[in-house]
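Listed below are the residues making up each chain.
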Amino acid sequence: MSEPKQYQVYQQFLPREIWDFTAFGYRKAARNFESLSSQGGQKHIVLTGANSGLGLAAAHALAQLGANLTLIIRDRSQAQALQQECEERGAAQCRVIIADLALLQETQQAIDTLLSWAEPIDVLINNAGALFNQRLETTEGIERSTALLLLSPVKLMLGLRPLLELSSRGRVINVVSGGMYTQRLSMSWLRSGFANRYKGPAVYAQAKRALAIVTQEWHETWAASGVELNCMHPGWADTPGVQTALPTFRRWTQRVLRTPEQGADTIVWMAVSEQVAGISGAFFLDRKPRRWYLNDKTRERPTDRHALLKYLDEIL
Ligand SMILES: NC(=O)c1ccc[n+]([C@@H]2O[C@H](COP(=O)([O-])OP(=O)(O)OC[C@H]3O[C@@H](n4cnc5c(N)ncnc54)[C@H](OP(=O)(O)O)[C@@H]3O)[C@@H](O)[C@H]2O)c1
């Protein structure tokens with residue numbers, strides 16, 4: 001895909017880093033990508049949200065690389081077909097766990113299932129997510145973006161840590177979003193359950209920012225016990241999630257959106273590549289570390305960082 005003339009005009013108005021979110025950014029970066037075909041075989045990889053969009057593209061690619069997959073999805077009716085698809089593509093094994101990850105209780109059940117298998121986990125990919133334009137609380141009384149995008153991935157990290165530590169080199173990949181560049185974490189707002197001024201994209205970005213901060217805060221101590229924590233963002237990819245939650249954005253950007261496979265490429269690379277070994281506390285797009293903040297105004301206060309860790313300690 002070459003950059004048509006009209007996009008060269010857009011480029012003048014978009015910061016370089018935002019332009020990199022598009023399919024053109026991907027194509028440019030991909031010129032230097034190593035092949036992953038000989039990597040990843042037999043790794044036990046736990047992937048959430050594997051039935052759609054980026055998660056499905058990642059599951060297919062990891063299956064092709066011969067991974068041993070455990071996929072966590074919430075729709076039981078999709079489990080058998082998904083499992084079969086992955087095994088046909090070359091997965092060493094593919095198991096599916098059913099859990100609604102917006103519910104802490106079901107997240108815990110998924111953790112318990114994995115703990116009962118007592119198998120080392122080489123990679124945990126926290127990918128499941130959604131942007132909710134309507135505010136809703138889960139049946140557990142938690143605002144659902146916070147539950148799905150922050151609490152569930154953190155709970156999975158904590159609950160599965162013993163199995164990640166059993167791996168020779170455990171990795172956690174937290175899928176966040178370039179949208180978080182727009183927000184400064186506000187713990188008073190998050191703690192209130194975003195009850196006032198609810199706006200889907202802002203709340204989504206707050207929750208993603210919070211998960212990114214947790215990754216930054218914990219990565220050193222986790223790395224000391226042999227588990228590397230990193231984040232990535234996929235750029236802008238045309239997935240069912242974007243189609244449902246951001247129809248206007250999609251209409252405007254459709255011609256520059258990435259395919260789900262392009263968006264998922266860095267997830268797959270982070271899961272299997274030897275180039276990532278030893279890296280912890282980084283934030284990747286297109287296999288390259290990126291800045292956590294584009295603007296100092298979105299850098300949270302130290303008190304909010306501490307308040308976030310305290311909140312997680314209380315609620316989980
Ligand atoms: N696409 C982009 O441009 C983009 C940009 C930045 C970040 N992201 C992030 O990338 C990740 C994947 O998004 P996507 O674009 O691929 O969206 P998607 O096609 O909607 O896929 C989201 C996945 O998350 C699962 N999920 C949602 N709610 C769940 C719940 N309560 N319990 C269990 N699973 C649940 C979905 O399952 P169901 O099919 O059952 O709903 C689906 O498998 C998300 O974390 C998203 O925030 C995407």
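See the structure printed just above.
Residues numbered from 1 in each chain as written. Predicted model: local features only at pLDDT ≥ 70, side-chain atom pairs only at ≥ 80, totals over all residues. Heavy atoms only, no water.

A few points about the layout of surface pockets
Okay, step 1: Each pocket or cavity is described by its volume, and for the second largest pocket that value is around 230 Å³.
Okay, step 2: Every residue lining the second largest pocket is counted, 13 residues in all, and those nearest its centre are Ala29, Asn32, Phe33, Asp286 and Lys288.
Okay, step 3: No other element matches helix α3 (residues 23–30), which puts three residues into the lining of the second largest pocket.
Okay, step 4: Residues of the lining of the second largest pocket, tallied by class, amount to three nonpolar, three polar and seven charged. (1 Å grid on protein atoms, 1.4 Å probe; cavity = no way out; pocket = protein on both sides within 12 Å on 5 of 7 lines; lining within 4 Å. Points joined across faces, edges and corners; volume = space filled by probe spheres on them. Helix = DSSP H or I, 4+ residues; strand = E, 2+ residues; numbered from the N terminus. Nonpolar A, V, L, I, M, F, W, Y, C, P; charged D, E, K, R; others polar.)

A word on helix α12 (residues 260–272)
Residues lying three or four places apart along an α-helix face the same way, a consequence of the helix completing one turn every 3.6 residues.
Okay, step 1: Taking 1.5 Å of rise per residue, 13 residues should cover 18 Å, and α12 covers 18 Å from first to last C-alpha, within 8% of that figure.
Okay, step 2: For α12, the principal kink sits at threonine 266 and spans about 30°.
Okay, step 3: In terms of burial, α12 is largely enclosed, as 12 of its 13 residues are buried. (Expected span 1.5 Å × (residues − 1). Bend = angle between axes of the 7 residues up to and from the residue. Buried < 20%, exposed > 50% of the residue type's maximum accessible area, 1.4 Å probe, protein only.)

Re the site of the ligand
Okay, step 1: Around the ligand, a shell composed of 27 residues is seen, among which Asn51, Arg74, Asn127, Tyr204 and Thr239 lie nearest.
Okay, step 2: Protein contact buries 89% of the 890 Å² of open area that the ligand shows by itself.
Okay, step 3: Those elements that place two or more of their residues in the shell around the ligand are α4 (53–64), α9 (200–224) and α10 (240–245).
Okay, step 4: Broken down by element, the shell around the ligand gets its largest block of residues, three residues, from α10.
Okay, step 5: Taken together, the residues that form the shell around the ligand break down as 14 nonpolar, 10 polar and three charged. (Near = heavy atom within 4 Å. Areas by Shrake-Rupley, 256 points an atom, 1.4 Å probe, with all protein chains shown as cover.)

Concerning the pattern of salt bridges
Okay, step 1: A full pass over the atoms with the stated rule returns 15 salt bridges.
Okay, step 2: In this structure, arginine 291 engages glutamate 17 in a salt bridge whose closest nitrogen and oxygen atoms are separated by 2.9 Å. Pair noted here: arginine 291 is in the loop between β8 (288–289) and α13 (302–315) and glutamate 17 is in helix α2 (residues 16–19), with a separation of 274 residues, a long-range link.
Okay, step 3: The exposure class assigned to glutamate 17 is partly exposed, which follows from its relative accessible area of 23%.
Okay, step 4: The closest approach of N and O atoms between glutamate 217 and arginine 305, which form a salt bridge, is 2.6 Å. Taken together, the positions of glutamate 217 in helix α9 and arginine 305 in helix α13 put the pair 88 residues apart, joining distant regions of the chain.
Okay, step 5: With a relative accessible area of 31%, glutamate 217 lands in the partly exposed category.
Okay, step 6: Several salt bridges share partner residues, and in doing so they unite Arg191, Lys310 and Glu314 into one network. (Salt bridge = Lys/Arg side-chain N within 4 Å of Asp/Glu carboxyl O.)

Worth remembering: the numbers are spatial, not functional.
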